[in-house]
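Below, each chain spelled out in residue letters.
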Amino acid sequence: MSTEQAQALKDLADAEELIASATAVLAGGPLSPGHAACFAQLADKLARRQSRTQLHAAHALRRTGAHKLDQESFQAVTEAGEHPSLAAFQVAAGRTTTARTHFKNTAGLLHGWLDIPRSTVRDRLALVDCLLGGVDEAGQPLPAWLPELAGQFADPDVDPRLVSSAALKLHSARKDFGEGQAGQAKKDQLQAESAAFIRSEPKAARRHINALVAQVKSGQRPLQALLDGIGIFKKGMRQGLVEYVLRVLPAHAAMIEAYFNALDNPATVAGNREALAHAEAQFTGAQGSGWDDEESMPDWAKDGEPAGSAPEGSAEPDEPGEPEEPDEPGEPEEPDEPEEPEEPEEPAGPAATQFEELKPERRRLVGFLALLMTDRNQSGSPGKQPGLAVPQVSIILDYEKMRRDGKEFAVTSTGIQLSPGETRAALCTAGIYPLVLNGQSLPLDLGRTQRLYSKAQGRAIRAAYRGCLYPGCSMPAERCELDHLDAWEKGGNTDIESAALGCMIHHIGRHCGLFHAVKIPGCRPMALLSKELDPQQKLRVNTYWMTPQEALAADALAERMTAKWRAGELDIEIVEP
């Protein structure tokens, strides 16, 4: 590394410290309006410069292959960041290696080392391709995909954030341009129009560019563009519900609509109202699917709502003008209503009547869930059919919580908290296996009698640890490998306390010495990252698949174990690769 480059890095470190100290002064006390305006103006200029700097930094990471730095080089980089000096940056020049490293590519480095969200990493590298240029498989530079916008990005008088926004929009429509000269011409035209909007109408440029891209996408889209957009996308938890987005081809939509039509027709087998009402009772824990009445339910199974209460949005069983039905046990008495002339008796029972009056969206969801829970192999269909898998869900029950307050005592292996009613219904539903850790009904420790873990052991380990051992890894337990922490070839046992979960990448990474598993007496295994990734050398737990409450508890446990270990009060075993 040249002295000039080391000095430039030192300047960046000094600038970061200056910005932090200036912000502390300007944000921490009384400020005049004029100074507040100066503060905002300078902060925006810094943001503009930073947006350029971030892309150039990502481009530098990729073209230099920095994700292949060896461990000693990463350690030098970490130390230079903690104690920035000219000498430290000169030492941090680093070298790459052909051996296994912490990160597979630049995206992995940005996400795993700098903790940048994956979506941000994806957008940032796409912008590098569009505005700065890419790198081919041989490491040779490629020109920018949008050269005209690349010129605007380099112009100090143009807001680079606006150019980046336009480039991402055009990048999202890349498969809609088509192939050959016609596709290239369409891309060039859209790029030229976007650049013109940025020059002449910067305040309205985003709106106009969005409209241009929408026009392109509204035409006849190529098949590949359609296929790249289909799938089921999880958006997360909103207002207590898990939200998914489903995008399908028209042919798929026709099949789904046909299925929904069958569900909406009470004369079909799929649309049988009594059966669907019973199915919903199984999924929601409504009365009638498990316990005879509320009085026979144990305290832990009561979720705080009257057992006979109707689902939200549905009609009550005893409306004026309907045949009077006997009160459900445990249902609060309704005040007397004026008598109305009786209507002809409905042929269906009250449960089916309520289910018929539900919103179609809810009725279709129940039918879809019932379809997922159907075991086609046991119903007579020969062989296994693609897409008709029978899901298995592990439910972990906290016995002490269940006895203490009957709340938040059940969670699935994927970290979804279940209410008492949902838990009761799940435990009564075929295809769901309740799993009790530390029970005596299954042989969980095999010693030296068996080399590989049994199915019973695997189910217990996956339910307990949820996913990969490596902190932050999002690989679920079902796709992880069982890892012997006591090597079998060195006399280790096939026991629960000697097991961990690792995805294919991190399982190999542990055996390559990129990080260590730590065995703690009476506690789950934890991870110890290398010094270049974790200078504080803390014991860590992967909480990705835990509920927030479980994650807080696991983090607190890791902090306690780390403190005891450093104080010499805990005898841990750092597992060798």
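Heads up: the structure comes first, above all this text.
Residues numbered from 1 in each chain as written. Predicted model: local features only at pLDDT ≥ 70, side-chain atom pairs only at ≥ 80, totals over all residues. Heavy atoms only, no water.

**With respect to helix α19 (residues 504–511)**
Part 1 of the reasoning: Taken residue by residue, α19 has H506, H507, G509 and R510 as its buried positions. In an axial view of α19, the angular spread of the buried residues amounts to 160°, which keeps them on one side of the axis.
Part 2 of the reasoning: Residues of α19 that are buried in the fold lie against β7 (481–484), β8 (499–502) and β9 (515–519).
Part 3 of the reasoning: One or two steps after α19, the chain reaches G513, where phi turns positive at roughly 80°. (Buried < 20%, exposed > 50% of the residue type's maximum accessible area, 1.4 Å probe, protein only. Helix = DSSP H or I, 4+ residues; strand = E, 2+ residues; numbered from the N terminus. Arc of directions from axis to C-beta. Contact = heavy atoms within 4.5 Å.)

**Quick word on the packing of aromatic side chains**
Part 1 of the reasoning: Using the criterion set out here, one finds five aromatic pairs in the structure.
Part 2 of the reasoning: Summarising the aromatic geometry, the rings of Y544 and W545 are spaced 5.2 Å apart at their centres and angled 75° between planes, so their arrangement reads as edge-to-face.
Part 3 of the reasoning: Overall, W545 belongs to the buried group, its relative accessible area being 18%.
Part 4 of the reasoning: By way of ring pairs, the aromatic residues F74, F103 and W113 are connected into one cluster. (Phe/Tyr/Trp six-rings, centres within 6.5 Å; stacked < 30°, edge-to-face > 60°.)

**With respect to the pattern of salt bridges**
Part 1 of the reasoning: If you walk through the whole model with that rule in mind, you get 16 salt bridges.
Part 2 of the reasoning: Across the pair D486 and K519 runs a salt bridge, and its minimum N-O distance is 2.9 Å. Residue D486 is located in the loop between β7 and β8, and its partner K519 is located in strand β9; the two are separated by 33 residues in the primary sequence.
Part 3 of the reasoning: Residue R540 is joined to D534 by a salt bridge in which the shortest nitrogen-to-oxygen separation is 3.0 Å.
Part 4 of the reasoning: Judged by relative accessible area, R540 falls into the partly exposed class, the value being 27%.
Part 5 of the reasoning: Each member of the salt-bridge network shares a partner with another, and the members are D44, R48, D159 and R161. (Salt bridge = Lys/Arg side-chain N within 4 Å of Asp/Glu carboxyl O.)

**Thoughts on the pairing of β9**
Part 1 of the reasoning: Within β9, four of the five residues are buried, which leaves the element mostly enclosed by the surrounding structure.
Part 2 of the reasoning: Direction of pairing for β9 relative to strand β10 (residues 526–529): antiparallel, over a ladder of four bridges. Considered in β10, the bridge of A517 is made with A527.
Part 3 of the reasoning: The turn linking β9 back onto β10 is made up of six residues, and G522 within it adopts a positive phi angle of 70°.
Part 4 of the reasoning: Note that β9 and strand β12 (residues 573–574) share two bridges and pair antiparallel. Across the sheet, K519 pairs through a bridge with E573, a residue of β12. (Pairing = 2+ DSSP bridges.)

**Overview of the packing of helix α2 (residues 33–64) against helix α6 (residues 118–131)**
To describe two helices that pack against each other, one gives the angle between their axes and the distance between the axes.
Part 1 of the reasoning: With their axes 9 Å apart at the nearest point, α2 and α6 run at an angle of 85° to one another. The pairing of α2 with α6 is recorded here as roughly perpendicular in orientation. Residues Q54, L55, A58, H59 and R62 of α2 form the contact with α6, whose participating residues are R124, L125, L127, V128, D129 and L131.
Part 2 of the reasoning: Of the residues assigned to the contact of α2 with α6, the class counts are six nonpolar, two polar and three charged. (Axes fitted to C-alpha atoms, helices over the stretch in contact; angles between N-to-C directions. Parallel < 35°, antiparallel > 145°, perpendicular 65-115°, else oblique. Nonpolar A, V, L, I, M, F, W, Y, C, P; charged D, E, K, R; others polar.)

**Some thoughts on the nonpolar core**
Part 1 of the reasoning: With 55 residues, the main nonpolar core has L131, L149 and I198 as its most contacted residues.
Part 2 of the reasoning: The greatest single-element share of this core, amounting to six residues, is contributed by α6.
Part 3 of the reasoning: Once residues within four sequence positions are removed from consideration, L149 is found in contact with L131, V163, A166, A167, L170, Q191, A195 and I198.
Part 4 of the reasoning: Grouped together as the second largest cluster of nonpolar side chains are 13 residues, L539, A554, A558 and I572 included. (Core = buried A, V, L, I, M, F, W, Y, C linked by side-chain atoms within 4.5 Å.)

**Re the sheet that holds β12**
Part 1 of the reasoning: The sheet built from four strands is open, its strands ordered β11-β10-β9-β12 with antiparallel pairing. The sheet terminates laterally at β11 (539–540) and β12, the two strands that pair on one side only.

**A short note on the side chain of D70**
Part 1 of the reasoning: Relative to the helices and strands, D70 is located in the loop between α2 and α3 (71–82).
Part 2 of the reasoning: A distance of 3.0 Å separates polar atoms of two side chains, one belonging to D70 and the other to R95.
Part 3 of the reasoning: Discounting residues that sit within four places of it in the chain, D70 has contacts with R95 and T97. (Polar contact = N/O pair within 3.5 Å; in protein donor to acceptor, adjacent residues only side chain to side chain.)

Nothing here speaks to function; it is all geometry.
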